[in-house]
Amino acid sequence: MRIIKPKILGTLKIQIMRAGNYAVINGIKNAPNKLIIPCNNYEHGLEIIERLKYTKVGDVIYI
C-alpha cells in the first residue's frame, strides 16, 4: 500500500473497525488530509504511526 503524508496529520489513533480488523485513523474530516489506513494488528498500527511521524510532507510511504 502506498501512502502520501498530508500536510496536517491531526491526532492519529488505532481503532477496531466493524469487521474486527484494525485501522489507523486521524481526527480530520476534510478530504485532502483525512487518513484511514488498514493494518493487520495493533503493533502494525503503532509502526505505521511512527513512520508517519518521522517523514516529511509529501513523502511516499510503502506499507
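Residues numbered from 1 in each chain as written. Predicted model: local features only at pLDDT ≥ 70, side-chain atom pairs only at ≥ 80, totals over all residues. Heavy atoms only, no water.

### Re the nonpolar core
Counting residues in hydrophobic clusters, the biggest one holds twelve residues: Ile3, Leu9, Leu12, Ile14, Val24, Leu35, Ile37, Cys39, Ile48, Ile49, Leu52 and Ile61. At the level of secondary structure, the elements contributing two or more residues to this core comprise strand E2 (12-16), strand E4 (36-39) and helix H1 (42-53). With three residues, H1 is the single largest residue contributor to this core. Look past the residues within four positions of isoleucine 37 in its chain and what remains in contact with it is Met1, Ile3, Tyr22, Ala23, Val24, Ile48, Leu52 and Ile63. (Core = buried A, V, L, I, M, F, W, Y, C linked by side-chain atoms within 4.5 Å. Buried < 20%, exposed > 50% of the residue type's maximum accessible area, 1.4 Å probe, protein only. Helix = DSSP H or I, 4+ residues; strand = E, 2+ residues; numbered from the N terminus. Contact = heavy atoms within 4.5 Å.)

### A word on the packing of aromatic side chains
Tallying each qualifying case throughout the model produces one aromatic pair. Centre to centre, the rings of tyrosine 22 and tyrosine 42 are 6.4 Å apart; their planes meet at 75°, and the pair counts as edge-to-face. Taken together, the residues span a long stretch of sequence, with tyrosine 22 in strand E3 (residues 22-26) and tyrosine 42 in helix H1 at a distance of 20 residues. (Phe/Tyr/Trp six-rings, centres within 6.5 Å; stacked < 30°, edge-to-face > 60°.)

### A short note on the pairing of E4
Only one face of E4 is covered, namely the one carrying Ile37 and Cys39; the face carrying Ile36 and Pro38 has none of its residues buried. Where E3 and E4 come together, four bridges link them in antiparallel fashion. Across the sheet, valine 24 pairs through a bridge with isoleucine 37, a residue of E4. (Pairing = 2+ DSSP bridges.)

### Overview of H1
Two residues of an α-helix separated by three or four positions point the same way, owing to the 3.6 residues in each turn. Relative to the 16 Å expected for twelve residues at 1.5 Å per residue, H1 spans 17 Å between its end C-alpha atoms, a close match to the ideal helical length. Turning to H1, its buried residues number three or more, namely His44, Gly45, Ile48, Ile49 and Leu52. Down the axis of H1, the sector holding all buried residues measures 145°, keeping them to one side. The secondary structure elements touched by the buried residues of H1 are strand E1 (2-4), E2, E3, E4 and strand E5 (60-62). (Expected span 1.5 Å × (residues − 1). Arc of directions from axis to C-beta.)

### Details of the sheet that holds E3
A sheet is described by the order of its strands in space; here three strands give the open sequence E2-E3-E4, paired in antiparallel fashion. Of all the strands in the sheet, just E2 and E4 have a single pairing partner and so form its edges. Neighbouring strand axes in the sheet, compared pairwise and without regard to direction, differ in orientation by 30° on average. When E2 meets E3, the two strands line up antiparallel, connected through five bridges. Counterpart to leucine 12 in the pairing with E3 is asparagine 26. (Axes fitted to C-alpha atoms, helices over the stretch in contact; angles between N-to-C directions.)

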